[in-house]
Amino acid sequence: MSGMITTLRQPVVLRLWLAHTASAIATGMLPTALTLAVLDRHDGFTVLGLVLGTRTLGFVAGSLPAGVIADRYPRAAVLALSSVIRAAGAAIVAIFVDLPIVAPCTAVFLAGAGEGLFRSAYQALIGELVAERHRQAANAATTLSLRVCLVGGPTAAVGLYAASGRTTSLLLAAGLWLLAAALATRIGGARPDPTRTPRGVVAEFAEGLAEARRHRWFLAGLGALAVWLALGEAAKYLMLPVIGRERFGGDWLIAASLGAYSAGAIVGALLMSRWRPRRPGIPAMIMLGSYGLVPLTLAHAQHAWVIIACCAVGGTGIEIFNIPWFTAIQREVPQHLQARVSSVDFLVSYGISPLGLAALPAVIDAAGGPVVLTTCGVLVIAAAVVTLAVPGMTTFTDRRASTACGPAPTPAHGSRQINQTDRHQATTDE
C-alpha cells in the first residue's frame, strides 16, 4: 500500500479522498437504510421497488448533465453541491418517510441525481489535482475505500436500525454527505477559463460525445463493459438466489459469493496500486472477460466453492480493468472534457444494467437457465477479448486522438503547486 500512502500524503489529495470515503460510506448505507425505512410502512413492500428504482432513475438523470456541469464550473464546488443534495434527500426521507410515496421518491431521486453529479466531478478532479505518476495509486485508493464502504455501509445500517430505529442510519448518511461537502470546500482546483463562452448543455454534451468517439479504445472498452453489466453482472444477481436454493439448499451462497467478489476487488485494488504493466489493456480486458466464468459456473458447477472462487476472480478482474481505465481517461482526455467523458462512461454503465435485469428473466423462462447462463458467460469473455484487436486497446491510447487534445484550464494556485512539485520530482527520479 506504499503507493497509496505516498499519494495520500498530499493534503489536497487526502481531503479529496476523505470526501469520497465519507460519501462512499453514506452511499453504502443508503439502500439498506432506505429498504428498512420503507418496509416499516404499512404498504412498504408494495412501494419498495418504486423507491429503489427512483434512485437509479435519479442517478441516470443526474449523470446526463453532470459532465457539462463539472467541466463548466469549479469541480470541488460541484462535489460539495452534489453532497449537499444527497444529504438533503436522505434527511427528507428520514423525517418524512410516512408521507405519501411521492415524498420519499422525490427525495431519493435527488439522492441519486447527486450521486451521478458527484462521480463525474470526482473522477475529473483526480485528473486535475493528482500528478500523472500518482493517478493510478489515487484511483486504487478510491476503489479500495469504495469496496470496503460498500460492505461496511449496509452492515452499519442494519446495526443502527436494530439499535435506534429506522431514521438514525438515514440521518447519519446525511451527516456523512455534509462532511463530504465540507471537505470538498477545502479542496480547491482549477478555475473556470474566463475566456470560455458557455454554450448550451446539449452542445457541450455533444462535445463530450465527440471526444469519446475519438478514442477507439474507450468505445471498445465501453462496449465490453456494457456486455459485462447486461449479461454477466445481471445474470449473477438474478440467478445466484435461484441456484443457491435449488442446487445448494439455501441462501448462504449469495452472501458467500458477494463477499468473495468484494474481497477479490480489494485484492485487485491493492495489486493495481503498485503494478503498472507496459500494456495495461491486455490484463485489463482479459480479467474483465474472466467474469464470464461466473455465469458459466452458475450454469454447470456442482460444487459451491467453484462459484465462490470465480466470483472472487471476477472481483479482482473488474478492478484490474477499472483502475487503469479511469487512469487512462484522466491521461488521454483533455482536462476540460474529462467530466463529460466520465459521465458517458457512467451513463452507459448504469443505463445498461437495468436492461439486462429486465430482459434476462423472460429469456431464461423461454430457453432455460443453463443455456442462457452459458451464452452470457461466453459472450462476456468474447466481448472483452475481441477488443484487443482494436488499435490502441492494449495500451489504452489512440494516436489519432492525441492531436485533438486542447490546452488544459489554468489550475488554482494550490493545485498548480502540487502538480509542478510532483512533475519536478518525477523528472529528478528519472
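Residues numbered from 1 in each chain as written. Predicted model: local features only at pLDDT ≥ 70, side-chain atom pairs only at ≥ 80, totals over all residues. Heavy atoms only, no water.

Enquirer: I'm lost on the overall build of the protein chain in this one. Help?
Expert: When helices and strands are counted, the protein chain shows 17 helices and zero strands. Here the protein chain holds 430 residues, and 53% of them are scored as buried. Here the analysis covers contacts within the protein chain between residues at least 6 apart in sequence; of these, 87% occur between residues at least 24 apart. As displayed, the protein chain offers around 17700 Å² of accessible surface, 68% of which is attributable to carbon and sulfur atoms. (Helix = DSSP H or I, 4+ residues; strand = E, 2+ residues; numbered from the N terminus. Buried < 20%, exposed > 50% of the residue type's maximum accessible area, 1.4 Å probe, protein only. Contact = heavy atoms within 4.5 Å. Areas by Shrake-Rupley, 256 points an atom, 1.4 Å probe, with all protein chains shown as cover.)

Enquirer: What is the right way to read the packing of helix H12 (residues 293-300) against helix H15 (residues 369-386) from this model?
Expert: Pairs of packed helices are described in terms of their axes, by the angle between the two and the distance that separates them. As a packed pair, H12 and H15 sit with axes 7 Å apart at the nearest point and diverge in direction by 160 degrees. Our classification of the angle between H12 and H15 gives roughly antiparallel. Two packed elements cross with a definite hand, and for H12 against H15 that hand is left-handed. Facing H12, whose interface residues are Pro295, Leu296, Leu298, Ala299 and His300, H15 presents Pro370, Leu373, Thr374, Cys376, Gly377, Val378 and Ile381. When the residues that make up the contact of H12 with H15 are grouped by side-chain class, the tally is nine nonpolar, three polar and no charged. (Axes fitted to C-alpha atoms, helices over the stretch in contact; angles between N-to-C directions. Parallel < 35°, antiparallel > 145°, perpendicular 65-115°, else oblique. Left-handed = near helix turned anticlockwise from the far one by under 90°. Nonpolar A, V, L, I, M, F, W, Y, C, P; charged D, E, K, R; others polar.)

Enquirer: Just checking my understanding: could you explain the nonpolar core for this structure?
Expert: A general trend in soluble globular proteins is that nonpolar side chains are found buried together. With 53 residues, the main nonpolar core has Phe218, Trp228, Leu288, Ile307 and Trp325 as its most contacted residues. Broken down by element, the residue count for this core peaks at 14 residues, all from helix H9 (residues 216-248). Apart from the residues lying within four places of it in its own chain, the contact partners of Trp228 are Glu233, Tyr261, Leu288, Tyr291, Ile318 and Val380. Core analysis: the second largest hydrophobic core is formed by 32 residues, Ala70, Val78, Leu129 and Ala269 among them. (Core = buried A, V, L, I, M, F, W, Y, C linked by side-chain atoms within 4.5 Å.)

Enquirer: For this particular structure, what's the right way to read the confidence of the model for the protein chain?
Expert: Caution applies to low-pLDDT regions: their predicted coordinates should not be interpreted in detail. Confidence in the prediction for the protein chain averages 84 pLDDT; 87% of positions are at 70 or higher. At the low end of the mean pLDDT range in the protein chain sits helix H17 (residues 413-429), at 36; at the high end sits helix H11 (residues 281-289), at 97. Low pLDDT (under 50) marks residues 404-430, which in the prediction has 39 contacts with non-local residues, meaning those over four places away or in another chain. (pLDDT = per-residue confidence, 0-100.)

Enquirer: Can you walk me through the side chain of Arg340 in this structure?
Expert: Note that Arg340 resides in helix H14 (residues 338-367). With a relative accessible area of 1%, Arg340 lands in the buried category. Of note is the side chain of Arg340, whose polar atom sits 2.8 Å from the side chain of Asp71. (Polar contact = N/O pair within 3.5 Å; in protein donor to acceptor, adjacent residues only side chain to side chain.)

Enquirer: Whenever I open this one, empty space enclosed by the protein confuses me. Can you help?
Expert: Rolling a probe over the atoms, with the probe sized like a water molecule, indicates the empty space that remains. Scanning the model with the defined rule gives one cavity of 30 Å³ or more in all. For the largest cavity, the calculated volume is near 30 Å³. What lines the largest cavity is Leu8, Val13, Leu16, Trp17, Tyr122, Ile126, Ala138, Ala141 and Thr142. For the lining of the largest cavity, the secondary structure elements donating two or more residues are helix H2 (11-39), helix H5 (102-129) and helix H6 (132-164). Across the lining of the largest cavity, the residue classes tally to eight nonpolar, one polar and no charged. (1 Å grid on protein atoms, 1.4 Å probe; cavity = no way out; pocket = protein on both sides within 12 Å on 5 of 7 lines; lining within 4 Å. Points joined across faces, edges and corners; volume = space filled by probe spheres on them.)

Enquirer: What is the right way to read the environment of Tyr122 from this model?
Expert: Its place among the elements puts Tyr122 in helix H5. By relative accessible area, which is 3% here, Tyr122 ends up buried. Through-space distance from the C-alpha of Tyr122 to that of Ala76 is 8.1 Å; in sequence the pair is 46 residues apart. Leaving out residues up to four positions away in the same chain, Tyr122 has contacts with Leu16, Trp17, His20, Leu79 and Thr142.

Enquirer: Teacher, can you tell me more about the environment of Gly89 here?
Expert: Summarising the element assignment, Gly89 is placed in helix H4 (residues 75-96). A residue is classified by how much of its surface remains accessible, and Gly89, at 0% relative accessible area, is buried. Once the C-alpha coordinates of Gly89 and Gly112 are considered, the two residues, 23 residues apart in sequence, prove to be 8.8 Å apart.

Enquirer: Just to check I follow, could you spell out the side chain of Arg75 for this structure?
Expert: Here Arg75 is to be found in helix H4. Residues contacting Arg75, with those up to four places away along its chain left out, are Ala70, Ala121, Ala124, Leu125, Glu128, Gln335, His336, Gln338 and Ala339.

Enquirer: Would you mind going over H11 with me for this structure?
Expert: In an α-helix, one turn spans 3.6 residues, which is why side chains three or four residues apart end up on the same side. For H11, the complete set of buried residues consists of Gly281, Pro283, Ala284, Met285, Leu288 and Gly289. Looking at the buried positions of H11, the neighbouring elements they touch are H9, helix H13 (304-332) and H15.

Enquirer: What is the right way to read the packing of aromatic side chains from this model?
Expert: Two measures describe an aromatic ring pair: the distance that separates the ring centres and the angle between the ring planes. Under the definition given, this model contains 10 aromatic pairs. Between Trp217 and Phe218 the ring centres are 6.1 Å apart and the planes differ by 90 degrees, which places this aromatic pair in the edge-to-face class. Neither Trp217 nor Phe218 differs from the other in exposure class; each is buried. For the ring pair Phe218 and Trp325, a centre distance of 5.3 Å and an interplane angle of 15 degrees mean the geometry is stacked. On the criterion of sequence distance, the pair formed by Phe218 in helix H9 and Trp325 in helix H13 is long-range, its members being 107 residues apart. An identical accessibility class is assigned to Phe218 and Trp325; each is buried. Against the face of Tyr237 rests Lys236, its NZ or CZ located 4.6 Å from the ring centre. Its end group placed over the ring of Tyr261, Lys236 keeps NZ or CZ at 4.0 Å from the ring centre. (Phe/Tyr/Trp six-rings, centres within 6.5 Å; stacked < 30°, edge-to-face > 60°. Lys NZ or Arg CZ within 6 Å of the ring centre and 35° of its normal.)

Enquirer: Explanation requested: H13 in the structure shown.
Expert: In this model H13 runs 42 Å from its N-terminal to its C-terminal C-alpha over 29 residues, within 8% of the 42 Å that 1.5 Å per residue would give. Within H13, 22 of the 29 residues are buried, which leaves the element mostly enclosed by the surrounding structure. (Expected span 1.5 Å × (residues − 1).)

Enquirer: Just checking my understanding: could you explain the pattern of salt bridges for this structure?
Expert: Pairs can form between side chains of opposite charge whenever their charged atoms are close. Applying the stated criterion across every chain yields a total of 11 salt bridges. Between Arg72 and Glu204 there is a salt bridge, and its shortest N-O distance comes to 3.1 Å. Separated by 132 residues along the polypeptide, Arg72 in helix H3 (residues 44-72) and Glu204 in helix H8 (residues 201-214) bring together distant segments of the chain. Using a relative accessible area of 17% as the deciding quantity, one classes Arg72 as buried. For Glu204, a relative accessible area of 1% gives the class buried. Where Lys236 meets Glu233, a salt bridge forms, and the shortest distance between an N and an O atom there is 3.5 Å. A residue pair is termed a helical-turn pair when its members lie 3 or 4 positions apart in one helix, as Lys236 and Glu233 do in helix H9 at three residues. Judged by relative accessible area, Glu233 falls into the buried class, the value being 12%. By sharing partners, the salt bridges in this structure join Asp71, Arg75, Glu128, Glu207 and Arg340 into a single network. (Salt bridge = Lys/Arg side-chain N within 4 Å of Asp/Glu carboxyl O.)

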